[in-house]
Structure formats: structure tokens, C-alpha cells
Amino acid sequence: MRTTELVDGFRHSAPYVNAHRGKTFVVMLGGEALANNHFRGILNDVALLHSLGIKIVLVYGARPQIDAGLKAAGIEPAYHNGIRITDEDTLKVIKQVAGATQFDITARLSMSLGNTPMQNAQINLVCGNFVIAQPLGVDDGVDFCLSGKVRRIDSQGLRRQLDNNCIVLMGPIGASVTGESFNLTAEEVATQVAVKLKADKIIGFSKTNGLSDENGNAIAELMPNQALEHLAIMEQNGSACTGTTAFVKASIDACRNGVPRCHLVSYLDDGALLQELFSREGIGTQIVTESAERLRRATISDIGGVLNLIRPLEEQGILVRRSREQLEMEIEQFMLIERDNLVIGCAALYPFEEDNAGEFACLVVHPDYRDADRGSVLLNNIIGQARVRGYSRLFALTTRSIHWFLEHGFNIVEVEALPNKKKQLYNYQRRSKILALDL
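No experiment lies behind these values; they were computed from the predicted model shown.

Undergrad: Whenever I open this one, the overall build of the protein confuses me. Can you help?
TA: Counting its regular elements, the protein contains 15 helices and 23 strands. Seen through its C-alpha atoms, the protein measures out along the principal axes to roughly 85 × 50 × 40 Å. Counting only residues that meet the buried cut, the protein has 46% of its 439 residues in that class. Nonlocal contacts in the protein, meaning residues at least 24 apart in sequence, comprise 71% of its contacts between residues at least 6 apart. For the protein, the exposed area adds up to about 22600 Å²; of that, 48% sits on carbon and sulfur atoms. With 45 positive and 51 negative side-chain charges, the protein shows a separation of 6 Å between the mean positions of the two kinds.

Undergrad: When you look at the packing of aromatic side chains in this model, what are you seeing that I'm missing?
TA: One pass over the structure, following the stated rule, counts five aromatic pairs. Plain terms: the ring middles of Phe360 and Phe405 are 6.0 Å apart, the flat faces sit at 75 degrees to each other, and that makes the pair edge-to-face. With Phe360 in strand 20 (residues 357–365) and Phe405 in helix 14 (residues 402–407), the pair connects residues that are 45 residues apart, well separated along the chain. Accessibility expressed as a relative area gives 2% for Phe360, which makes it buried. Judged by centre distance (4.8 Å) and plane angle (85 degrees), the rings of Tyr426 and Tyr428 are edge-to-face. Of the aromatic side chains, those joined through ring pairs into one cluster are Phe360, Trp404, Phe405 and Phe410.

Undergrad: Is there a simple way to explain the environment of Lys249 in this structure?
TA: The topology assignment puts Lys249 in helix 9 (residues 242–256). Sequence-wise, Lys249 and Arg296 are 47 residues apart; in three dimensions their C-alpha atoms are separated by 28 Å. When sequence neighbours within four positions are dropped, the list of residues in contact with Lys249 reads Leu231 and Glu235.

Undergrad: What is the right way to read the pattern of salt bridges from this model?
TA: One side chain can pair with another of opposite charge once the charged atoms of both are near each other. Tallied over the full model, the rule gives 14 salt bridges. Through salt bridges with shared partners, a single network forms among Arg294, Arg296, Asp302 and Glu338.

Undergrad: Is there a simple way to explain the packing of helix 8 (residues 224–236) against helix 9 in this structure?
TA: A pair of packed helices can be characterised by two numbers: the angle between their axes and the separation between those axes. Following both chains from N to C, one finds helix 8 and helix 9 inclined at 160 degrees, their axes separated by 10 Å at the closest point. With respect to their mutual orientation, helix 8 and helix 9 come out roughly antiparallel. In this structure, helix 8 crosses over helix 9, and the sense of that crossing is left-handed. Contacts between helix 8 and helix 9 involve Pro224, Asn225, Ala227, Leu228, Leu231 and Glu235 on the former and, on the latter, Thr245, Val248, Lys249, Ile252, Cys255 and Arg256. Of the residues contributing to the contact of helix 8 with helix 9, the split by class is seven nonpolar, two polar and three charged.

Undergrad: What is the right way to look at unusual backbone geometry in this model?
TA: Across the chain, the bulk of peptide bonds are trans and the bulk of non-glycine residues have phi less than zero. Positive phi, normally seen in glycine, also occurs at Asn165, with a value near 70 degrees. Of note, Asn165 is situated in the loop between helix 6 (155–163) and strand 10 (166–170). For Asn356, which is not glycine, the phi dihedral falls at a positive 55 degrees. Its location among the elements puts Asn356 in the loop between strand 19 (342–352) and strand 20. Classification of Asn356 by relative accessible area gives partly exposed; the value is 32%.

Undergrad: Whenever I open this one, the sheet that holds strand 14 (residues 221–222) confuses me. Can you help?
TA: Think of a sheet as strands paired side by side through backbone hydrogen bonds, with each pair either parallel or antiparallel. What the eight strands build is an open sheet, ordered 5-10-2-1-13-15-16-14; its pairing is mixed. Each edge of the open sheet is held by one strand with a lone partner, namely strand 5 (124–126) and strand 14. As paired strands, strand 15 (residues 261–266) and strand 16 (residues 285–288) are joined by four bridges and run antiparallel to one another. Across the sheet, residue Cys262 finds its bridge partner in strand 16, namely Ile287. Packed on one face of the sheet, helix 5 (residues 88–108) meets strand 2 (55–60), strand 5 and strand 10 and runs near 145 degrees to strand 2.

Undergrad: How should I be thinking about the side chain of Glu276 in this particular structure?
TA: Considering the arrangement of structural elements, one finds Glu276 in helix 10 (residues 272–278). A distance of 2.7 Å separates a polar atom in the side chain of Glu276 from the backbone nitrogen of Gly284. When near neighbours in sequence (up to four residues on either side) are disregarded, Glu276 contacts His263, Val265, Gly282, Ile283, Gly284, Thr285 and Gln286.

Undergrad: Help me understand the side chain of Ser206, please; the structure alone is not making it clear to me.
TA: Looking at the element boundaries, Ser206 is found in strand 13 (residues 201–206). For Ser206, a relative accessible area of 3% corresponds to the buried category. A polar atom in the side chain of Ser206 sits 2.7 Å from the backbone oxygen of Thr208. Beyond its immediate sequence surroundings of up to four residues, Ser206 is in contact with Thr244, Leu264, Val265, Ser266 and Tyr267.

Undergrad: Would you mind showing me how to read helix 3 (residues 39–51) here?
TA: Across its 13 residues, helix 3 extends 19 Å between first and last C-alpha, which sits within 8% of the 18 Å expected from 1.5 Å per residue. Among the residues of helix 3, Phe39, Ile42, Leu43, Asn44, Asp45, Val46, Ala47, Leu49 and His50 are the ones counted as buried. Backbone geometry just downstream of helix 3 places Gly53 in the positive-phi region, at approximately 90 degrees.

Undergrad: I would appreciate a short explanation of the pairing of strand 20 in the present structure.
TA: Consecutive side chains of a regular strand alternate in pointing toward one face of the sheet and then the other. Burial analysis of strand 20 places eight of its nine residues in the buried class, the great majority of the element. As paired strands, strand 19 and strand 20 are joined by seven bridges and run antiparallel to one another. If you follow Cys346 over to strand 20, its bridge partner there is Val364. Remark: four residues form the turn of the hairpin made by strand 19 and strand 20, two consecutive strands paired antiparallel; Asn356 in that turn has positive phi of roughly 55 degrees. Note: strand 20 against strand 21 (residues 393–398), three bridges, orientation parallel. Residue pairing across strands places Ala357 opposite Arg393, the latter belonging to strand 21.

What counts as what
- Residues numbered from 1 in each chain as written.
- Predicted model: local features only at pLDDT ≥ 70, side-chain atom pairs only at ≥ 80, totals over all residues.
- Heavy atoms only, no water.
- Helix = DSSP H or I, 4+ residues; strand = E, 2+ residues; numbered from the N terminus.
- Buried < 20%, exposed > 50% of the residue type's maximum accessible area, 1.4 Å probe, protein only.
- Contact = heavy atoms within 4.5 Å.
- Areas by Shrake-Rupley, 256 points an atom, 1.4 Å probe, with all protein chains shown as cover.
- Lys, Arg positive; Asp, Glu negative; His and termini not counted.
- Charge placed at Lys NZ, Arg CZ, Asp CG, Glu CD.
- Phe/Tyr/Trp six-rings, centres within 6.5 Å; stacked < 30°, edge-to-face > 60°.
- Salt bridge = Lys/Arg side-chain N within 4 Å of Asp/Glu carboxyl O.
- Axes fitted to C-alpha atoms, helices over the stretch in contact; angles between N-to-C directions.
- Parallel < 35°, antiparallel > 145°, perpendicular 65-115°, else oblique.
- Left-handed = near helix turned anticlockwise from the far one by under 90°.
- Nonpolar A, V, L, I, M, F, W, Y, C, P; charged D, E, K, R; others polar.
- Pairing = 2+ DSSP bridges.
- Polar contact = N/O pair within 3.5 Å; in protein donor to acceptor, adjacent residues only side chain to side chain.
- Expected span 1.5 Å × (residues − 1).

Given below as C-alpha cells:
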């Protein structure tokens, strides 16, 4: 990697380091990921997240390992409605596999860090009885025996360990109040832990970097309902695999119960976890919580809301004043963020087709809603529109927000860099700084 690439990558990741510090992530490693050659790298990346101040609960599964163990023991796996039926002999094998997996992960997060980027890092790993289980019972006359489900999560105990700077490791077995052990799914454990801890993210792994569209490209973001529809299509055409399906269903459930974001990345792509969390574009699929806010294009009926938003800044001289008539003519160039029928943010993209460029203008966010970086949301949308139109450059004029634009990749340029029409309108008395972003 060239020095400039290293420096640029480090600089671009810095905002995400700050944003993630102190947050709680539930990382779910399925058995397929554990069996892959990149397993060690994934654990090193998990340790790196921990060193950056992120609170980590690591949940592991072991479906392929359990199936292999059952085959070696001469036990035929039994299922009902896609759920494993766990008799006593099966549970013995599951305990052996889960125990071996737990010790393997523990070893890799301690002694094996000596020759990794995490050398000299102290990792405190904690396991415990944080999950109380109960039996699934009988369904359609079929007894699931020792297959169980989560009854209760000791969220206070988990939080104490996380606050003590420990990584918590949890597996697919839970104990009941009567002292029995039950076979659980890692997806349910991860979901219930995330919900009870009010975690900020669940991260899972599959063969591919998230879910793909009809052209095979990763879908960057889906709402729960969209993810459910996409999953149904995958199941119809036979392209869904068990691990991915289980994680997506768990993610939908988690989002509907308050977990803001669930990420799915590939265990075959070295460093996919870091690329997803610390780059602008990401690499996998996010399933995100339905929001009371929505980003949409403005219409003529929004004139009043936009005027109410921009007038205070116009009166302060921060924005160039626009008449109502001018705004009515330009309203279709605006994107809005609307919350409960209130316009809380806006920005415009003015076209300069002859120069293959666009102007990012009139960025305003309501003072009561400036704590969630909605300006970046609007900017990213405008950048996307500009790229779709084939523009090679986006520029902006500002007198107060120079550093904000620089932080988002813009560079200061001279008046000569403006499109010809805009250059003729430039106000030399106002002396606005001109910033440009190459697309």
C-alpha cells in the first residue's frame, strides 16, 4: 500500500473510530466462519474493535461442527420445521463441540495474539451463565426434547463485565432454572442479548458480503420489511443458505425490537468487518431500524417548511436570501429530511450540465436536530444523485462551514474552477470560500 493510501484510509476511518467508541456490538460467528481460514483474522479484528473502546459480546455457533460430530458418533440428525431435535445423546455431542469451540476461541484471543497486529494487547475474555433457557416443548406431537429457547438474559451481569473492559463469549447452550442444559441457536442468543443490552449493532458473517441484488451486487441497506421480502425471493429461487437466512431473520427481529443496525459481511473476505465499520461505503448489507424520519424530494407544498428552516440563516447572512418566488422555481432541486411532518433538514443540487458539474447548496438542519449528523445524510444523497447524472465534480460555496466540507472530502479551489455560469454570478463582496469534490 502506498503511503498516501495508508494516510487517506486512516484519516477516513477516524470519524468512525470516534463514533463507535463506547458503543456495544454483538458479533455472531457461525460455524462456517469458525471453520474458515480467515477465522483467526476475524478474531484479531474483534480484538482490535475491543482495543478501540467498543464493548463486544461474541456469540458463536457450531452447526457444521455439530453435524460432523454427530456423524462421527453414528447419530442421525433429526429436525422438525427446520429445528434440530436434541435428545440426550445429541446434547452430549453438542456439549463436546461447543466446549472445544469455546476453548479454541479463548486460546486464539490470548496466546495466539503474540504474532498479530494486536501484540501486547490484554484481552480479558469472560464466559458465564448469562442465558437462562427453557425447553421448546412439543409441536404437532413432536417433542423437541433438549432443544430450547431463551427465557431470560442477565443483562445486568453482562453489562458489568463489559464495563470492566471484558469481551463476553457466549455459545449455543443455556442452562434452565432446574439445572438442565438446552441446545439453543446462536442467532436467538445474539438477538436476545442485543435487545436486552440495547446494543448498537449486531454483526454476522456469511459466504458473501451481505445480500445481493439481481445483478449480484451487494445491497448496502434494507429496512426490515424490505429484508423480509428479499429473503422470500431468495427462498423461492433456492439461493438462500441456512446460516444467512437464520441471521437475516434474527436481524429483522432485532431491528423490530430496537437494535438500530445489523450488518452482514463475508468471512471469505479478509478484513470485511473493518471495511464495513470504518469506511464510508461499507462492504456488506445493513438491515436498519424503521425510522420516524424520511429523506425525500421536496414538492411545492413544502415551500413553507423550507422557508421556516432557511429564513433564520438568511437573516444572519449565512445563506444568500431567496425569495418565495425563486424558491418555488427551484423547489424540485431540494431534498428534505422530514420528521413527524416537520421539515428538519434540506439541501439542494443545482445542475450545471454544460460543465458536467453540480452545486451542493442551501444545506440547513433544524437546531434541535443537529446531533445525528443529518447534514452528512443529505450530502451523501446529493453525491449519489450527482453520480447518477454522470457529473465529474460537486462544488459548494460557504462562508461559515469550511471545515465541515473539508472533513467530508472537499478541497478549497479558486473562482476559476467554478462552472462558467456560476463564475459570472460569484459575489466578490461576500467572499465565499469555494470547495470542490471530485466524483
